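Each chain, letter by letter, is given below.
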Amino acid sequence: MTTPRRGSNADDDSTGNRFTRRRFAGTVAAAGAVGIAGCAGGGGGAETDEPTEGMDTPTDTPTETETDTEEAPPNPDVDVLNYALTLEHLESAFYREGLSEFSDDEIMMADVLSDFGEAVRMDVPEFLAVAGEHEAAHVSAISATIEDLGGTPVEEAEYDFGYSTPSEFLATAQALENTGVAAYTGAAAAIKQNAVLGAAAGIQSVEARHASFFNLVNGDSPFPKGVEEAKSVDEVLEIAGQFVTSEAASPAPLDGEDEPTADRKAEDDTSDVDVLNYALTLEHLENAFYRDGLAEFSDDELMNASVLSDYGEELRMSVPGHLETVGAHEAAHVDAIAKTVEQLGGTPVEEAEYDFGYTNPSEFLGVARALENTGVSAYAGQAGTVANDQVFGAAVGIHAVEARHASFLNELNAESPFPMAVDQPRTMEEVTEIASQFIVEE
């Protein structure tokens, strides 16, 4: 019998039940993605399991009355959404077909997982299933949004993913998810409407969460760079085209000659410097957290944290190094954002003094998880408030990396790496309230 993970209730939190709850959380969240534009609304907890129903069609979509005499052209965001849909079809078909071909036992016994302990190996089939549910939900949500915007959704093609073993299946999952993150990162700036942009940011970070986990189980860094790499449409289609065996429509250019310029600035008086200093406040917090915690706890103490007791040696030994990488990322974010604030004529906020409240390595890992998930929701919440294209591009790249960090730390804390199909945003006020719990002196 498998021992329940430390911190669980032995009466109802056996390994089997824990996986069932994880699966259920992912399934409920996937159902909530049906209203993609609705997910981009106001703040809300980043980890709520309440589904979002319905769809908030962007306000500038022509009404029936306005089109009585002349059919309106499709909304310009249709091109971007069909590009995303092309990739979501690919990923959805990949999981659907692979999970019907390989049993859970075959996946758990994949050669690539042989160095991992039972806890990670038992996670993998469940998380593959949840990732597949997420991709199917993305397909449904994006298709419905395209139709609401007056466009025609691209159809699913036929594919050959080329795997013949569970290990090859997991390697292809890694490649597809990382390509998906890079695609969303590269296309975000072409989105015209904030409602669509907010939802796309929420999907981008979920793709990053998927990629982080599949990097981990394939023996690679969950977060190889401090700022996510963006890929162009041509680069992404060259990768995706390797798997397509049927005729498939090529996505239209994301920025046509007659299309309007993206107007991401929300209707408020928050400047780009304000948004950057808000982000810098969080990055200072995270940077200090890792700097101080990694100075307090030795590698051996971290590897032997009670929260990791059910994990095998392979994962536990990797934890200190991965935490150091996360800390280096946060320090780099501080430097980059502070310099950008200065370049825009502002004054960067300074680091405060903090009390993170942990007393042992397990508590340290628990606080890390909370901070990273808050960071994801904070960046998502500001997706529609940055006017400068370069600032926007960098923020989107950091957002995905925060999601990669959160995915890894969720897994270490026996939580789903990707609990929702679309990550939810938080407002400045909500995030500031969370962050203020750790600040003891401004």
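Keep in mind that what you see is a predicted model, and the values were worked out from it rather than measured. (Residues numbered from 1 in each chain as written. Predicted model: local features only at pLDDT ≥ 70, side-chain atom pairs only at ≥ 80, totals over all residues. Heavy atoms only, no water.)

(A) Structural view of the overall build of the protein chain. Check the secondary structure of the protein chain and you find 13 helices and 2 strands. In the protein chain, which comprises 442 residues, the share counted as buried stands at 54%. For the protein chain, contacts bridging at least 24 residues in sequence account for 86% of all contacts bridging at least 6. (Helix = DSSP H or I, 4+ residues; strand = E, 2+ residues; numbered from the N terminus. Buried < 20%, exposed > 50% of the residue type's maximum accessible area, 1.4 Å probe, protein only. Contact = heavy atoms within 4.5 Å.)

(B) Highlighting empty space enclosed by the protein. Using the criterion set out here, one finds 4 cavities of 30 Å³ or more in the structure. Approximately 110 Å³ is the volume found for the largest cavity. Lining of the largest cavity is provided by 15 residues; of these, Val80, Ala84, Tyr184, Ile191 and Ala200 occupy positions nearest its centre. Those elements that provide at least two residues to the lining of the largest cavity are α2 (77–101), α5 (166–187) and α6 (194–217). In terms of residue count, the dominant contributor to the lining of the largest cavity is α2 (5 residues). Residues of the lining of the largest cavity, tallied by class, amount to 15 nonpolar, no polar and no charged. (1 Å grid on protein atoms, 1.4 Å probe; cavity = no way out; pocket = protein on both sides within 12 Å on 5 of 7 lines; lining within 4 Å. Points joined across faces, edges and corners; volume = space filled by probe spheres on them. Nonpolar A, V, L, I, M, F, W, Y, C, P; charged D, E, K, R; others polar.)

(C) The packing of helix α4 (residues 118–148) against α6, seen in detail. The geometry of α4 relative to α6 is characterised by a closest axis approach of 11 Å and an angle of 155° between their N-to-C directions. By the criterion of interaxial angle, the relationship of α4 to α6 is roughly antiparallel. In this structure, α4 meets α6 at a crossing whose hand is left-handed. Contacts from Val120, Asp123, Val124, Phe127, Leu128, Ala131, His134, Glu135, His138 and Ile142 of α4 reach α6 at Ile203, Val206, Glu207, His210, Phe213, Phe214 and Val217. Of the residues belonging to the contact of α4 with α6, the class tally is 11 nonpolar, 3 polar and 3 charged. (Axes fitted to C-alpha atoms, helices over the stretch in contact; angles between N-to-C directions. Parallel < 35°, antiparallel > 145°, perpendicular 65-115°, else oblique. Left-handed = near helix turned anticlockwise from the far one by under 90°.)

(D) Spatial organisation of a negative patch on the surface. On the surface, a cluster of negative charge is made up of Glu296, Asp299, Asp300, Glu301 and Glu324. Ranked by the residues each element gives to the negative patch, the list is headed by helix α9 (residues 299–303), at 3 residues. Relative to the helices and strands, Asp300 resides in helix α9. (Patch = residues over 30% accessible without salt bridge, like charges linked within 9 Å, V, L, I, M, F, W, Y side chains within 5 Å. Areas by Shrake-Rupley, 256 points an atom, 1.4 Å probe, with all protein chains shown as cover. Salt bridge = Lys/Arg side-chain N within 4 Å of Asp/Glu carboxyl O. Lys, Arg positive; Asp, Glu negative; His and termini not counted. Charge placed at Lys NZ, Arg CZ, Asp CG, Glu CD.)

Any link to function would need more than the numbers given here.
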